[in-house]
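Residues per chain are reported as follows:
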Amino acid sequence: MAYQLSSFRRFPTAFAVVAASALAFTGLMASATPAYAQSGGDYRCAGLAEQAHVAASGIEGSKQSSAKRFVSTGKKLCEAGNERAAAKQFRAALKIAGVAEVETDSQMASR
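Reading guide: rules and limits
Each chain carries its own residue numbering, running from 1 in the written order of its sequence. Reporting of local features is limited, given that this is a predicted model, to residues whose pLDDT is at least 70; pairs of side-chain atoms are given and counted only at 80 or more, and all residues count toward the totals for whole chains, interfaces and linings. In computing side-chain values, all of the structure's heavy atoms are included and hydrogens and water are not. Note on terminology: pairs of cysteine sulfur atoms within 2.5 Å are recorded as disulfides. Only runs of H or I of at least four residues qualify as helices and only runs of E of at least two qualify as strands under DSSP, and these elements are numbered from the N terminus. Burial here depends on accessible area, computed with a 1.4 Å probe over protein chains only, as a share of the maximum for the residue type. Under 20% is buried, over 50% is exposed, and the range in between is partly exposed. By nonpolar core is meant a set of buried Ala, Val, Leu, Ile, Met, Phe, Trp, Tyr and Cys residues that side-chain atoms within 4.5 Å join together. By the convention used here, residues are in contact when the closest approach between their heavy atoms is within 4.5 Å. Whenever a nitrogen or oxygen atom comes within 3.5 Å of another N or O atom, the pair is scored as a polar contact, on the condition that within protein one atom can donate a hydrogen and the other can accept it, and that pairs from neighbouring residues in sequence are kept only if both atoms are in side chains.

Description of the state of the cysteines
- Scanning the model with the defined rule gives one disulfide in all.
- One disulfide in the model links Cys45 with Cys78; its S-S distance is 1.9 Å. Residues Cys45 and Cys78 are joined by a disulfide whose S-S torsion is about -90°; by sign, that bridge is left-handed. With Cys45 in the loop between helix H2 (35-38) and helix H3 (47-57) and Cys78 in helix H4 (residues 62-79), this residue pair connects regions lying 33 residues apart in the sequence.
- Assessed through its relative accessible area of 26%, Cys45 is described here as partly exposed.
- Residue classification places Cys78 among the buried residues on the basis of a relative accessible area of 17%.

Regarding the nonpolar core
- By size, the foremost hydrophobic cluster in this structure holds 16 residues, and its most contacted members are Leu48, Ala52, Ala67, Val71, Phe90, Ala93 and Leu94.
- Within the residue set of this core, elements represented by two or more residues are H3, H4 and helix H5 (83-97).
- A per-element tally of this core places H5 first, with six residues.
- Non-local contacts of Phe90, meaning those with residues more than four positions away in its chain, are made with Arg44, Cys45, Leu48, Ala49, Ala52, Val71, Gly74, Lys75 and Cys78.

Overview of the side chain of Glu101
- For Glu101, the location among the structural elements is in the loop between H5 and helix H6 (105-110).
- A polar side-chain atom of Glu101 sits 3.4 Å from a polar atom in the side chain of Tyr43.
- Polar contacts involving the side chain of Glu101 include one to the side chain of Arg91, which spans 2.8 Å.

Shown next, in the form of structure tokens:
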């Protein structure tokens, strides 16, 4: 019985070690996030949105209204937290405008 009692005494210590390890790992992961994520904005809802907006403003006619609709839908999706669907909308606007997306390091990290 004495052996079982001592194992119960060690349980809180073991639990504390596991909890401290988990806390340290969480801190490490938070400090290792990419720069665009630490700045509070996702590339898809910041840089890509700006590219699509500028491209949509630069074209004329019915293509402009269609591209602006894609940009508007993309911004609403960003507000809702759906960055992936928003990026598809922004890329569709860029395609209508005939503009290639600018490749950056942060964009590659977000894919």
